[in-house]
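# Results of the structural survey
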Amino acid sequence: MKHVKTITKDTYKNTVKKGGCGECQTSCQSACKTSCTVGNQTCENK
Amino acid sequence: MVYQYKSNGYNIVLDVDSGAVHLVDDTAFDVIAVISWLYDEEEINASTDLEKKSLKEEVLDELSDTYDEKDILDAISEVKTLWEEGKLFTEDSYTELIPQIKERKTVVKALCLHIAHDCNLACKYCFAEEGEYHGRRALMSSEVGKKAIDFLIANSGNRHNLEVDFFGGEPLMNFDVVKEIVAYGRSLEDKYNKHFRFTITTNGVLLNDEIDDFINKEMDNVVLSLDGRKEINDKMRPFRNGQGSFDYIVPKFQNLIKKRGDKKYYVRGTFTRNNLDFANDVVTFADLGFDQLSMEPVVTDLENDYSIREEDLPKIFDEYDRLSEIMLEREKEGKGFTFFHYMIDLNGGPCVSKRLSGCGSATEYLAVTPWGDLYPCHQFVGEDDYLMGNVEEGITHPEIADKFRSCNVFTKPKCNDCFAKFYCSGGCAANAHQYGEGLNDCYDIGCQMERKRVENAIMMKIAKTVEE
């Protein structure tokens, strides 16, 4: 495409199929403890 | 929902409901803006042809004074392709998952063990009130700690990875019990097919070679509390006698990290109204030789003179921009470092279920007091209405978990139109409870900062992609 470069490779919709195993890290166990940051967690079920 | 913004010279378009992120030129940026302005998502998705004549004419009408007609038509055609691929103007299709999420069976997978309700520092902003959490000073016994491990295993279903965070107060004031609990957990891993990921949060005062070696061997992650520049740190993080802690602690942290290899850690600070130029504190961390960094805004009552206020936000936003620029610059110089809130995984991030279910407090994640009481998370400890049970009897107030379980981005009215909802998953329940109107509300100042951080995190990913 000339006008658009899409950065992401996948969409959320496709993660519904594999999702929900729950093996990923709990967000507050990382470094925040006073906010909520889920988007930076990594999926462990790739 | 489509969200567009310009940052550091990039035109960025987020298709909120699909998670697609696009870098676009000026023509496409304005074409998307005009289509969003002329039509709502329902109309766009009811259309069978996004290139229909009337739409083209209307967009040309708005933009032909600014851009070449052929460019506009090309951009419309590309927008159509993205729409057909489900990457632009995507409708929310997750509402139907809400009943499933509310009814979902959750298992406990993480505990925050309050191993010591006591501290050897007297940090002014501490939500744990120098470790006391609205209660008495206490250390967790190894008996309570082991029962907490048993409770976790018994309530974790088939979940393999279990997380236990040693928190306080200052957990190293009860180091022998930390060691006993870790050994106990490890001894049960094979039997129950579990893997414990232990983490510890420490102010560093008691670190020594023996403790360093233990932490580096057993702890999956270690969070080291420090606020940045010496004068900033020492103002908010003094010893109980008022003396600053920076000079005493920094060499201890450096010593620990030198021996840590490539294992995870964070040097984690808190910024307040006293250091709205907090990028300087993050840079101080980097200059001290640390490269996995975090800096959280203080969350406290507005009556405290160091609290973050609405009027501080423009300065804070500028500072987040400055931090992004510094980080991109340092990366180019080969001196890059990570910043917790700018870590975003656009291609292997959390699944929809995770994004819709939030932080997991009260359901997947619980806090355990020194005497074994269970609370929804570390920030609720000491609030009688949120006492959920104890490690001996288990959950005796499941209705508290139900309340948290049914709370998500779709039940929070303020999240409906927010582009960041699938990145923060509705934000921190404790902040909403303390500084909003309840669990289904939000802590507005926190939301505004989160949106800024998400914008910058995405911009930085784009900057790196473009350079590759």
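Computed from a prediction, not measured in an experiment: that's the story for all the values here. (Residues numbered from 1 in each chain as written. Chains lettered and ligands numbered in written order. Predicted model: local features only at pLDDT ≥ 70, side-chain atom pairs only at ≥ 80, totals over all residues. Heavy atoms only, no water.)

### Overview of the sheet that holds strand β1 (residues 4–6) of chain A
To keep it simple, the criterion reads: Think of it this way: DSSP has to see at least two bridges between two strands before they count as a pair. Secondary structure elements are taken from DSSP: a helix is a run of H or I of four residues or more, a strand is a run of E of two residues or more, and numbering for both begins at the N terminus. With axes taken as lines fitted to C-alpha atoms, and helix axes fitted only over the stretch in contact, angles between N-to-C directions fall between 0 and 180 degrees.
Reading across from one edge, β1(A)-β3(B)-β2(B)-β1(B) is the order of the four strands in this open sheet, with antiparallel pairing throughout. Each edge of the sheet is formed by a strand with only one pairing partner; in this case those strands are β1 of chain A together with β1 (2–7) of chain B. For this sheet, the mean inter-axis angle between neighbouring strands, taken without regard to orientation, is 25 degrees. Two strands pair when backbone bridges link them, and strand β2 (residues 10–15) of chain B and strand β3 (residues 20–24) of chain B are joined in this way by five bridges, in the antiparallel orientation.

### Considering the nonpolar core
All names here are of chain B. Defined as follows: Only buried residues count toward a nonpolar core. Its members are Ala, Val, Leu, Ile, Met, Phe, Trp, Tyr and Cys residues joined through side-chain atoms within 4.5 Å. The classification of residues rests on relative accessible area computed with a 1.4 Å probe and restricted to protein chains. Under 20% of the type maximum is buried, over 50% is exposed, and intermediate values are partly exposed. Any two residues having at least one pair of non-hydrogen atoms within 4.5 Å are treated as being in contact.
Judged by nonpolar contacts, the single largest core of 143 residues is most densely connected at Phe166 and Ile458. Dropping the residues within four chain positions of it, Phe166 is found in contact with Leu113, Ile115, Pro171, Val178, Ile181, Val182, Phe198, Thr199, Ile200, Thr201 and Met219. Counting residues in hydrophobic clusters, the runner-up holds 26 residues, among them Tyr39, Leu50, Ala75 and Leu88.

### Topic: the packing of helix α7 (residues 175–192) of chain B against helix α8 (residues 209–218) of chain B
All names here are of chain B. To keep it simple, the criterion reads: Should an angle lie under 35 degrees it is considered roughly parallel, over 145 roughly antiparallel, and from 65 to 115 roughly perpendicular; all remaining angles are considered oblique. By convention, the crossing between two helices is left-handed when the near helix turns anticlockwise from the far helix through less than a right angle, and right-handed when the turn is clockwise. Residues were grouped as follows: Ala, Val, Leu, Ile, Met, Phe, Trp, Tyr, Cys and Pro as nonpolar; Asp, Glu, Lys and Arg as charged; and all remaining residues, including Gly, as polar.
For the pair α7 and α8, the least separation of the axes is 12 Å and the interaxial angle reads 30 degrees. Classed by the angle they form, the pair α7 and α8 counts as roughly parallel. With respect to the hand of their crossing, α7 and α8 are arranged in left-handed fashion. Along its contact with α7, which presents Phe175, Val178, Lys179, Val182 and Arg186, the element α8 presents Glu210, Ile211, Phe214 and Glu218. Across the contact of α7 with α8, the residue classes break down as five nonpolar, no polar and four charged.

### Topic: the packing of aromatic side chains
Residues and elements named next belong to chain B. Our working definition: Ring pairs are drawn from Phe, Tyr and Trp, using the six-membered ring of Trp, whenever the two centres fall within 6.5 Å, and their geometry is named by plane angle: stacked under 30 degrees, edge-to-face over 60, tilted for the rest. We count a charge as sitting over a ring when the NZ of a lysine or the CZ of an arginine lies within 6 Å of the ring centre and within 35 degrees of the ring normal.
Per the counting criterion, the structure on display carries 19 aromatic pairs over all chains. Summarising the aromatic geometry, the rings of Phe339 and Tyr342 are spaced 5.0 Å apart at their centres and angled 70 degrees between planes, so their arrangement reads as edge-to-face. Look at Phe339 and you get buried, because its relative accessible area is 1%. A centroid spacing of 4.7 Å and a plane angle of 45 degrees characterise the contact between Phe380 and Tyr386, whose relative ring orientation is tilted. Overall, Tyr386 belongs to the buried group, its relative accessible area being 8%. Grouped by ring-pair contacts, the aromatic residues Phe271, Phe278, Tyr320, Phe339 and Tyr342 constitute a single cluster. Across from the ring centre of Phe29, 4.7 Å away, lies the NZ or CZ of Lys6, which sits over that ring.

### A few points about the pattern of salt bridges
Residue and element names in this part refer to chain B. This is how the line gets drawn: For this analysis, a salt bridge means a side-chain nitrogen from Lys or Arg found within 4 Å of a carboxyl oxygen belonging to Asp or Glu.
All told, the structure shown has 35 salt bridges over all chains when counted by the stated rule. The shortest N-O distance in the salt bridge between Glu392 and Lys147 comes to 3.0 Å. Taken together, the residues Glu392 in the loop between β14 (389–390) and β15 (394–395) and Lys147 in helix α6 (residues 142–154) connect sequence positions 245 residues apart. Taking relative accessible area as the criterion, Glu392 reaches 57% and is therefore assigned exposed. Relative accessible area serves as the criterion here: at 24%, Lys147 is assigned to the partly exposed category.

### Some words on the environment of Leu23 of chain B
For Leu23 of chain B, the location among the structural elements is in strand β3. When its relative accessible area of 14% is taken as the criterion, Leu23 of chain B is described as buried. As for Leu23 of chain B and Ile12 of chain B, which are separated by eleven residues in sequence, their C-alpha atoms are 4.9 Å apart. If near-sequence neighbours (up to four positions away) are discounted, Leu23 of chain B is found in contact with His3, Val4, Lys5 and Ile7 of chain A together with Tyr10, Asn11, Ile462 and Val466 of chain B.

### Examining the environment of His195 of chain B
All names here are of chain B. Position of His195 among the secondary structure elements: in strand β7 (residues 195–202). As a C-alpha pair, His195 and Leu162 span 33 residues in sequence and 6.0 Å in three-dimensional space. Not counting residues up to four positions away in its chain, the partners in contact with His195 are His160, Asn161, Leu162, Arg186 and Glu189.

### Quick look at the interface of chain B and chain A
Test applied: Buried area: the sum, over both parts, of the accessible surface (1.4 Å probe) that disappears when the two are put together. Each polar contact in these results corresponds to two N or O atoms within 3.5 Å; when the atoms are within protein, one needs to be able to donate a hydrogen and the other to accept it, and residues that are neighboring in sequence are counted only if both atoms are side-chain atoms.
Between chain B and chain A, the contact holds 76 residues from the first and 42 residues from the second. Across the interface of chain B and chain A, roughly 5100 Å² is buried in total on both sides, 54% from carbon and sulfur atoms. In this structure, the connection of chain B to chain A is made through three salt bridges. With a shortest N-O distance of 2.9 Å, Arg197 of chain B and Glu44 of chain A are connected by a salt bridge. For the interface between chain B and chain A, the tally reads 23 residue pairs in polar contact (both at pLDDT 80 or more). Residue contributions to the side of chain B that touches chain A peak at six residues, all from helix α4 (residues 69–84) of chain B.

Any link to function would need more than the numbers given here.
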